[in-house]
Number of protein chains: 2
Amino acid sequence: MIVKQVDGRTMTKRRAVTSAEIAQEAGVSRATVSAVLNEATGNIRISPETRRRVLAVASKFHYVPNPAARALRSNRSGAIAFVSRTMHQTAFGHPVSYQLNLHSAQAAARVGAHVIEISPETTGAVPGEVSGDIFGFLLSRRPDGVIFDAPTRPDDVAKVLESGIPVVQLLRPHLGVPTATVTVDATRGVHEAIDHLVGLGHRAILYLGSADTHRANRSRLDAFHAALQRHGIVLPESAVALGPDYTLEGSIALARAALRREPSPTAIFAGGDIFAVGALHALHELRVRVPDAISLVSYDDVYAPLLYPPITSVAQPLRDVAQRAIDVLMRQIEHTAGETDGDADAPPAHLVLPTQLHIRSSTQPPRPSGPWTG
Amino acid sequence: MIVKQVDGRTMTKRRAVTSAEIAQEAGVSRATVSAVLNEATGNIRISPETRRRVLAVASKFHYVPNPAARALRSNRSGAIAFVSRTMHQTAFGHPVSYQLNLHSAQAAARVGAHVIEISPETTGAVPGEVSGDIFGFLLSRRPDGVIFDAPTRPDDVAKVLESGIPVVQLLRPHLGVPTATVTVDATRGVHEAIDHLVGLGHRAILYLGSADTHRANRSRLDAFHAALQRHGIVLPESAVALGPDYTLEGSIALARAALRREPSPTAIFAGGDIFAVGALHALHELRVRVPDAISLVSYDDVYAPLLYPPITSVAQPLRDVAQRAIDVLMRQIEHTAGETDGDADAPPAHLVLPTQLHIRSSTQPPRPSGPWTG
DNA sequence: ATGAAAGCGCTAACAA
DNA sequence: TTGTTAGCGCTTTCAT
């Protein structure tokens, strides 16, 4: 019996409606209710009339299947774990990771799954877990799939993959671990940015980027070189300055040092918004005006629009990345379910999405005159 | 029987170890295994020897209890829903919400719960859900508790609360809905900031803030007035400029208009980092230097350290806010569980945490000379 | 086209 | 101190 107690000022957690109650109310069996709600496919057929009645009753009583029971029975938790990028290095977090997180949650919800947040920084053992680390925690939740956003350590990914759960890595995958990936075509993005600068007349361009040797960083730098080469521009070694990722102080120091060197660039390409921030700080100190005295382009487009002047930047299609991640995972999850034990699984998907250049006020033709003077 | 298939190159999702297997292997019953793993409290006592053996076997086989079965039986999902602040207004998201999100996930993990991400922006109906909206989705997950980060609409909160699930609202609660809250002592934070400015010698201070009438905004503005009054300063009406929240263009326009008015301030208090960003843009256009010609303080401390110059800012203890939110929720969840049906529940907790002022390079004494000249 | 019945893995009351 | 038993709510054959 269903008692709606609306009168008492406070609500005690009321017992939820079960399928049995819906069945009874609709004058059918629980099996029928289940079949209707799952739009069952098998050798089962529900008459439109029955279907309609069940649905009406379910809706009237706000019936929602118990996810635990469903999970137990179907061996599917409906959960996608999102392992966010580590953020301890920075006080202000990773806007990119945040966007991916949110977009993943939305994309998952659209297919009836939910995203559970795994923050690798959690310190200390988790009570009740046999293995104290955060991956024990992850595994203990039995997610149907796992998204790694730019994982730091390949071992973490490998461990999850070995447990047999579908995995997808985003943006900065460890290709040594054979999982699906969704990345972005940095090469094309960088080319666009450099073409934009060269098109404006710049030839002396400084590259500010990460010293981390991850492929994603390498490919930005390689693309930088390739793009210049295509324009017949050869840069001195001093045109590339590599420093630590994601620390403001590091980026400022890097820019400061690089800008002190000769010859002076007329433009800067920052291989990440944080490097653009660092460049801006250093340029301010030097009283060099952007874009009057020097142009600035960045890769990421997260802080870029906020800075002054608003920075021309290469944007990653984060919403699409998240959506495709969920797609890939869902496909894999459904596939895994149907499989017996044969090892005839297809090779992991590797999706590459295009970037987009947002042109703002930080770029203009180099001025004809000589060296810098604010 | 437990078959570890390590040889096959690819792993098929292997059947998980169950408590029955552990029981058999340890030569005890499943009930004993359960009692050991849950450190059962009732009238059950496990001999240290048995305990040790069970634990050893469990660990050897990497046994992790099936969360769905546990949830089904105990009527506890182990999930905390985190409803993030809506973000559609801005391309760059809400760093504050992100931090709260991550810290909540960490705090939850420490007590064995997981956080599921609810992004209110999800559009379109969710397949299989009776009610198509995102709160139907939320409820369908049967979370043990819900965290609302600065909820937009009180109705959403009320709906969840009415379902009997413990709720806590963060930072910008709707006090009309009787839930627990964890907020920040904006009053004290603003006082500190204003004291800092006045201590430097400023008396003409411009307030740039949200036109939204939420209490959190009101209290910042009220505190601004109170702080000035305490210093015997009376400001003209034109010293307060209110505009739209969280849009860059709006903030810039607001600052632009306000700065055009007479008399000119020697300092600006931005009631949110986005307003500081707007102020900086407007000041740049006017070629007014910070802090030489005008000082700038903000509230939030999210973008503040990145801007140039780094902005003195009031920081909120987001990690603590998240931790307390989890604490409050957990207490409430345990309480609810023990309760029969009596309505003798305690009034909801209202925690208020202190802010911290980070002094950076955007503030200095006003210069003795007259009006602005970059 | 629908119903009956079994069982997913776990926990809690009751026995022993 | 430990084992037995009975479900939690759902899905899924198999019968009808």
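All figures in this text were calculated on a predicted structure; none of them were measured in a lab.

*Asks:* Residue-level account of the packing of helix α1 (residues 19–26) of chain B against helix α3 (residues 48–60) of chain B, with values.
*Replies:* Residues and elements named next belong to chain B. Contact geometry of α1 with α3 gives a least axis separation of 9 Å together with a crossing angle of 125°. Taken together, the axes of α1 and α3 are oblique relative to one another. Here the hand of the crossing between α1 and α3 comes out right-handed. Here α1 contributes Ile22, Glu25 and Ala26 to the contact with α3, which in turn contributes Arg53, Val54, Val57 and Ala58. Residue classes in the contact of α1 with α3 are distributed as 5 nonpolar, no polar and 2 charged.

*Asks:* Mind laying out the sheet that holds strand β12 (residues 356–358) of chain A, listing which residues take part and the relevant values?
*Replies:* Residues and elements named next belong to chain A. Taken together, 6 strands build an open sheet; the order of strands is β7-β6-β8-β9-β10-β12 and the sheet is mixed. Where the open sheet ends on each side, the last strands, each with one partner, are β7 (240–243) and β12. Sheet twist, expressed as the mean angle between neighbouring strand axes with direction ignored, is 15°. Relative to strand β10 (residues 312–315), strand β9 (residues 295–300) is paired through 4 bridges, and the arrangement is parallel. Within β10, the residue paired with Val297 across the bridge is Thr312. Relative to strand β6 (residues 205–210), helix α9 (residues 215–230) is tilted by about 170°, and along the sheet it contacts β6, β7, β8 (267–270) and β9.

*Asks:* Which residues make up the nonpolar core, and what values do they have?
*Replies:* Of all hydrophobic cores here, the largest spans 201 residues; its most connected members are Ile147(A), Leu208(A), Ala279(A), Ile147(B), Leu208(B) and Ala279(B). With residues up to four places along the chain from it excluded, the contact list for Ile147(A) reads Ile80(A), Ala81(A), Phe82(A), Val83(A), Ser104(A), Val168(A), Leu170(A), Ala325(A) and Leu329(A).

*Asks:* Before we move on, can you summarise the environment of Pro366(A) with the specific residues and values?
*Replies:* Residues and elements named next belong to chain A. In this fold, Pro366 is placed in the segment after β12. Of the residues examined, Pro366 has 19 C-beta atoms within 10 Å and is grouped as partly exposed. Residues Pro366 and Gly136, spaced 230 residues apart in sequence, show a C-alpha to C-alpha distance of 55 Å. For Pro366, the contacting residues outside a window of four places in its chain are Gly201, His202 and Thr266.

*Asks:* Explain helix α1 (residues 19–26) of chain A residue by residue, including any values.
*Replies:* Residue and element names in this part refer to chain A. Within α1, burial applies to Ser19, Ile22 and Ala26. One face of α1 carries all of its buried residues, which in axial projection span an arc of 60°. Where α1 is buried, its residues meet α2 (30–37) and α3 (48–60). Positioned one or two residues after α1, Gly27 has a phi angle of 70°, which is positive.

*Asks:* Outline the protein's contact with DNA strand D, supporting the account with residue identities and numerical values.
*Replies:* Every one of the 30 residues lining DNA strand D counts as a neighbour, but Ser19(A), Ala31(A), Ala69(A), Ala31(B) and Arg45(B) are closest to it. Of the residues in the surface near DNA strand D, the class split is 13 nonpolar, 11 polar and 6 charged.

*Asks:* Tell me about the sheet that holds strand β6 (residues 205–210) of chain B, and name the residues and values.
*Replies:* All names here are of chain B. Sheet architecture is open: 6 strands sit in the order β7-β6-β8-β9-β10-β12, paired in mixed fashion. At either margin of the open sheet sits one strand with a lone partner, and together these are β7 (240–243) and β12 (356–358). For this sheet, the mean inter-axis angle between neighbouring strands, taken without regard to orientation, is 15°.

*Asks:* Outline the protein's contact with DNA strand C, supporting the account with residue identities and numerical values.
*Replies:* Lining the immediate environment of DNA strand C, one finds 29 residues, of which Ala31(A), Arg45(A), Ser19(B), Ser34(B) and Ala69(B) sit closest. For the surface near DNA strand C, the secondary structure elements donating two or more residues are α2 and α4 (67–74) of chain A together with α1, α2 (30–37) and α4 (67–74) of chain B. It is α4(B) that provides the largest number of residues to the surface near DNA strand C, a total of 5 residues. Split by residue class, the surface near DNA strand C holds 12 nonpolar, 11 polar and 6 charged.

What counts, and at which threshold
Residues numbered from 1 in each chain as written. Chains lettered and ligands numbered in written order. Predicted model: local features only at pLDDT ≥ 70, side-chain atom pairs only at ≥ 80, totals over all residues. Axes fitted to C-alpha atoms, helices over the stretch in contact; angles between N-to-C directions. Helix = DSSP H or I, 4+ residues; strand = E, 2+ residues; numbered from the N terminus. Parallel < 35°, antiparallel > 145°, perpendicular 65-115°, else oblique. Left-handed = near helix turned anticlockwise from the far one by under 90°. Contact = placed C-beta atoms within 7 Å. Nonpolar A, V, L, I, M, F, W, Y, C, P; charged D, E, K, R; others polar. Pairing = 2+ DSSP bridges. Core = buried A, V, L, I, M, F, W, Y, C linked by C-beta atoms within 7 Å. Buried ≥ 20, exposed ≤ 12 C-beta atoms within 10 Å, placed from the backbone. Arc of directions from axis to C-beta. Near = placed C-beta within 6 Å.

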